[in-house]
Amino acid sequence: MSRVLGAGWCAACVLSAGLAMVSNAQADALLAVQVLREGGCGGLMPATAPLYHSAVLDRVAEQWAHGLALSTAAKAGGYPADVTVGLRVAGSDGDMIRMLRQASCRTVSSRDLQDIGVYQRGPDSWLVLSARHALPDHSPASGPVLAVRALELVNKARASGTRCGQRSFAPTSPLTLSTTLANVAFGHAADMAEHDYFEHQDLTGRSPAQRVRAVGYEEKLVGENIAYGPKSIDEVVQGWLDSPDHCENIMDPRFAEMGIAYAPGELSRRGLYWVQLLAAPRRVVGSASGIAQSYPR
């Protein structure tokens, strides 16, 4: 059985919990920063530990490169603006090392920084460094900070019960994060962003339930919320809760798992596309981290 939310204010894509693939250009930029940190900027500063490569910050860097203010992009990714630093460099890894050593040595070598994201276009690389871990324990099962925040907000509503339009919902059990649902959500968000449309049905005619089944997720029930425009996870979740139909999806006691993601628009719509998938798997097993996973993956 599948259930898809229809028209109206839609909340969209799920954020993938896995790390993005690292391109050669990304590797050059990452190498330049790590070399400077481990070498103390050629002896100018104390040596510092390498940064953790964050897929969340990769997307923040991409949005910044496409014109979104760094503070806005960081907030959408769950990072406070006051702990995020942006740097733009160009050239090979050797060129980047020289540029960063000359102009940004103290910043790159800061012991307060812990995470890094990179976006590359042509010869230019956008680097975003942050003092806040995207993955507090660096465990893929924990999910990125944005997904964790979304889960916190959703489960707070489910725990207290709420009114969705004319319908009241009693308190119900919490949801858990699903990497599979997050990946499917991100795929749909990115597809809408790339092809400039805003629908639950994708351009191949597949419904949310069909997209979920296509990756081997065995479901009893699937719901999807999508949205365009909100700039933070708090804003998008509150928008769904304020919309009766979207709120009913979030409060449905039959759902057990959730995935959420976003992607920046690339054509006429330059804002953020959001996708949230909710599902009841046919079988659920517990993981060592305490996060339930559907089977098979």
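A brief report on the enclosed structure follows. Please read all numbers here as calculations on a predicted model, not as lab measurements. (Residues numbered from 1 in each chain as written. Predicted model: local features only at pLDDT ≥ 70, side-chain atom pairs only at ≥ 80, totals over all residues. Heavy atoms only, no water.)

Turning next to the overall build of the chain. Counting its secondary structure elements, the chain contains eleven helices and twelve strands. Relative to its 297 residues, the chain shows a buried fraction of 50%. Sequence separation of 24 or more characterises 74% of the internal contacts of the chain that already satisfy a separation of 6 or more. Just so you have it, the chain exposes about 12,700 Å², and 53% of that area is on carbon and sulfur atoms. (Helix = DSSP H or I, 4+ residues; strand = E, 2+ residues; numbered from the N terminus. Buried < 20%, exposed > 50% of the residue type's maximum accessible area, 1.4 Å probe, protein only. Contact = heavy atoms within 4.5 Å. Areas by Shrake-Rupley, 256 points an atom, 1.4 Å probe, with all protein chains shown as cover.)

Time to look at helix α3 (residues 55-65). Of all eleven residues that make up α3, nine are buried, and the element is covered over most of its length. Listed in full, the buried residues belonging to α3 are Ala-55, Val-56, Leu-57, Asp-58, Arg-59, Val-60, Ala-61, Gln-63 and Ala-65. Remark: Gly-67 follows α3 within two positions and exhibits a positive phi of approximately 110°.

Moving on to the side chain of His-200. Residue placement: His-200 occurs in the loop between α8 (179-195) and α9 (208-214). Only 2.6 Å separates the side chain of His-200 from the side chain of Glu-224, close enough to count as a polar contact. (Polar contact = N/O pair within 3.5 Å; in protein donor to acceptor, adjacent residues only side chain to side chain.)

Strands pair in a sheet through their backbones, by hydrogen bonds, and they do so in one of two ways: parallel or antiparallel. The strand order β1-β3-β4-β2 describes an open sheet built from four strands, whose pairing is mixed. The sheet is open, and its two edges are formed by β1 (52-53) and β2 (84-90), each paired on a single side. Pairing between β2 and strand β4 (residues 124-130): seven bridges, direction antiparallel. Counterpart to Ala-90 in the pairing with β4 is Asp-124. (Pairing = 2+ DSSP bridges.)

A few words now on the nonpolar core. In terms of nonpolar packing, the biggest core is built from 42 residues, with Val-60, Ile-233, Val-237, Trp-240, Met-258, Ile-260 and Trp-274 touching the most fellow members. Per-element tally for this core: the top contributor is helix α7 (residues 145-160), with seven residues. (Core = buried A, V, L, I, M, F, W, Y, C linked by side-chain atoms within 4.5 Å.)

With that out of the way, let us pick up the sheet that holds strand β10 (residues 272-281). Strand order in the open sheet formed by four strands is β7-β9-β10-β8, and the pairing between neighbours is mixed. Lying at the two open borders of the sheet, with one neighbouring strand each, are β7 (176-177) and β8 (219-228). Bridge count between β7 and strand β9 (residues 257-264): two bridges; the pairing is parallel. When the bridges of β9 are listed, Thr-176 appears paired with Glu-257. The strands touched by helix α11 (residues 244-251) are β8 and β10; relative to β8, the strand with the most contacts, the crossing angle is about 140°. (Axes fitted to C-alpha atoms, helices over the stretch in contact; angles between N-to-C directions.)

What follows concerns the packing of helix α10 (residues 233-242) against α11. As a packed pair, α10 and α11 sit with axes 5 Å apart at the nearest point and diverge in direction by 105°. By the angle between their axes, α10 is roughly perpendicular relative to α11. Along its contact with α10, which presents Trp-240, Leu-241 and Asp-242, the element α11 presents Pro-244, His-246, Cys-247 and Ile-250. Among the residues forming the contact of α10 with α11, the class breakdown is five nonpolar, one polar and one charged. (Parallel < 35°, antiparallel > 145°, perpendicular 65-115°, else oblique. Nonpolar A, V, L, I, M, F, W, Y, C, P; charged D, E, K, R; others polar.)

Turning next to the side chain of Gln-63. Turning to its location among the elements, Gln-63 is positioned in helix α3. The class of Gln-63 is buried, set by a relative accessible area of 2%. Filtering out sequence-adjacent residues up to four positions away, Gln-63 remains in contact with Leu-68, Ala-73, Tyr-262, Pro-264 and Leu-272.

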